[in-house]
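# Fold and contact review
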Amino acid sequence: MAGILYLVATPIGNLEDITFRAVRILQECDLIACEDTRQTRKLLDRYGIGKPVVSYHEHNEAARAQEIAGKLLAGESVALVSDAGTPLVADPGYRLVRAALDQGLVVVAVPGPSAAVTALAASGLPTDTFRFGGFLPAKAGQRARLLESLRDDAATLVFYEAPHRILETLADVARLMPGRPVVVARELTKIHEEYLRGTAEEIRGILAARPAVKGEITLLIGKSEAPPAEGTSIEEAVAAAVATGLTRMEAIKAVARRRGLSKRDVYRRIPSTTRP
Ligand code: SAM
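Residues numbered from 1 in each chain as written. Predicted model: local features only at pLDDT ≥ 70, side-chain atom pairs only at ≥ 80, totals over all residues. Heavy atoms only, no water.

Let us now look at the pattern of salt bridges. For the coordinates displayed, the defined rule picks out 17 salt bridges. Put simply, Arg131 and Asp153 hold a salt bridge, and the shortest N to O gap is 2.6 Å. Remark: Asp153 occurs in the loop between helix 6 (140–149) and strand 7 (156–161) and Arg131 occurs in strand 6 (residues 130–135); sequence separation between them is 22 residues. With a closest N to O distance of 3.1 Å, Asp172 and Arg175 form a salt bridge. With a gap of three residues between them, Asp172 and Arg175 both fall in helix 7 (residues 166–176), about one helical turn apart. Look at Asp172 and you get buried, because its relative accessible area is 9%. By relative accessible area, Arg175 is classed as partly exposed at 40%. Within this structure, Arg143, Glu168, Asp172 and Arg175 form a network of salt bridges that share partners. (Salt bridge = Lys/Arg side-chain N within 4 Å of Asp/Glu carboxyl O. Helix = DSSP H or I, 4+ residues; strand = E, 2+ residues; numbered from the N terminus. Buried < 20%, exposed > 50% of the residue type's maximum accessible area, 1.4 Å probe, protein only.)

Structure (structure tokens):
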């Protein structure tokens, strides 16, 4: 009989945040596939689990996925874990799940912590609809374009961000989404856990006053409440988008998306002298 692929969620800081079932699966499986074997060993040692481990990370994913699928077919049960939280959520695992499903194997998720949902729950921002955007692009232009494209999304936006980029990103949010409620959730479940709530400008001010911003960060942005201003003409909307740093073509696309128009419609409705 073929083995089962278990996707086991592990703590995002506090090692107590693991379910009884997760511990049992890790004790009972034949092999544990993990991103960083040294990191996972700390967790396994804490719970007295001595199972063999194999590395599975973004650089060996393709080859390892096939290898592990072969073991599953041969009858071994494999537990996939990531360094923290839920595997596949901004973490490796997708190729392995695909490879297993393509072979007709059984895949079982063993739920537990994820920084995105943990941060969302205590953020104080609406939770009815949220959009998880994973890691924001590191390049300033790409990041600004992404934020601009999500400006009018009626969902709470949730991103992972590196501590050395958070000030830059908050400046982008302040510029592109002024006045929106923002939450920076830092070091969740750890000793220095903190939630900073305010506008991007306010939180940026608090963090900039510190000698350094450290730790793991989840950034949340409250949803857009305002429909496009009735009185704003297409031309004015395009000009306003250009003023945020977009090219004219990007601005036309953004306005078209926000107003439910085609790019062609927006293009036609701006003076020919200002067309790209
Ligand atoms: N799979 C994980 C999950 O389910 O949350 C996320 C893995 S991703 C590679 C790591 C990023 O998640 C970090 O860079 C940070 O943005 C966020 N993160 C992880 N742990 C966190 C924590 N304790 N507090 C705040 N954010 C955290």
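Moving on, we get to the packing of helix 6 against helix 7. How two helices sit against one another is set out by the angle between their axes and by the gap between those axes. Their axes nearest at 10 Å, the elements helix 6 and helix 7 cross at an angle of 40 degrees. Considered as vectors, helix 6 and helix 7 are oriented oblique to each other. Every pair of crossing elements has a handedness; the one defined by helix 6 and helix 7 is right-handed. Of the residues in helix 7, those touching helix 6 at Ala140, Arg143, Ala144, Leu147 and Glu148 are Glu168, Thr169, Asp172, Val173, Arg175 and Leu176. Looking at the contact of helix 6 with helix 7 residue by residue, the classes come out as five nonpolar, one polar and five charged. (Axes fitted to C-alpha atoms, helices over the stretch in contact; angles between N-to-C directions. Parallel < 35°, antiparallel > 145°, perpendicular 65-115°, else oblique. Left-handed = near helix turned anticlockwise from the far one by under 90°. Contact = heavy atoms within 4.5 Å. Nonpolar A, V, L, I, M, F, W, Y, C, P; charged D, E, K, R; others polar.)

Let us now look at the pairing of strand 8 (residues 181–186). The side chains of a regular strand alternate between both faces of the sheet. In terms of residue burial, strand 8 counts as a mostly covered element, since five of its six residues are buried. The pairing of strand 8 with strand 9 (residues 194–199) spans six bridges and is antiparallel. For Ala185, the partnering residue across the bridge sits in strand 9 and is Tyr195. (Pairing = 2+ DSSP bridges.)

What follows concerns the nonpolar core. Note that soluble globular proteins tend to have their nonpolar side chains buried in a common cluster. Counting 22 residues, the largest nonpolar core has Leu170, Leu219 and Ile221 as its most contacted members. Looking at this core, the elements with two or more residues in it are helix 6, strand 7, helix 7, strand 8, helix 8 (200–208) and strand 10 (217–221). With five residues, the single largest contributor to this core is helix 7. Residues in contact with Ile221, not counting those within four places in the same chain, are Leu125, Leu147, Ala155, Thr156, Leu157, Phe159, Val173, Met177, Arg180, Pro181 and Val182. Val54, Ile68, Leu72 and Leu80 belong to the second-largest nonpolar core, a separate cluster that totals 17 residues. (Core = buried A, V, L, I, M, F, W, Y, C linked by side-chain atoms within 4.5 Å.)

Take a nonpolar patch on the surface next. A surface patch of nonpolar side chains, amounting to about 250 Å² of accessible area, comprises Val117, Phe130 and Phe132. Relative to the helices and strands, Val117 resides in helix 5 (residues 115–123). By relative accessible area, Val117 is classed as partly exposed at 48%. (Patch = residues over 30% accessible without salt bridge, like charges linked within 9 Å, V, L, I, M, F, W, Y side chains within 5 Å. Areas by Shrake-Rupley, 256 points an atom, 1.4 Å probe, with all protein chains shown as cover.)

Further remarks concern the sheet that holds strand 9. Judged by pairing direction, the sheet is mixed, and its five strands sit side by side in the order 6-7-10-8-9 without closing on themselves. The two strands at the open ends of the sheet, each matched to only one other strand, are strand 6 and strand 9. Taking each pair of neighbouring strands and ignoring which way they run, the sheet shows an average axis angle of 15 degrees. Sheet strands in contact with helix 7 are strand 7, strand 8 and strand 10, and its direction is about 5 degrees off that of strand 10.

So, on to the environment of Glu148. Counting through the fold element by element, Glu148 comes out in helix 6. Using a relative accessible area of 2% as the deciding quantity, one classes Glu148 as buried. When the C-alpha positions of Glu148 and Leu261 are compared, they lie 17 Å apart, and in sequence the two are 113 residues distant. Not counting residues within four places of it along the chain, the set of residues in contact with Glu148 comprises Leu176, Thr244, Leu246, Ala254 and Arg258.

Along an α-helix, residues three or four apart share an orientation, since each turn contains 3.6 residues. Among the residues making up helix 4 (residues 94–102), those that are buried are Leu96, Val97, Ala99 and Ala100. One side of helix 4 holds all its buried residues, which, seen down the axis, span an arc of 165 degrees. Of the residues in helix 4, the exposed ones pointing more than 90 degrees away from the buried face are Tyr94 and Asp102. In this structure, the buried residues of helix 4 make contact with strand 1 (4–8), helix 3 (61–73), strand 4 (78–81) and strand 5 (106–110). Of the residues one or two after helix 4, Gly104 is the one with positive phi, at around 75 degrees. (Arc of directions from axis to C-beta.)

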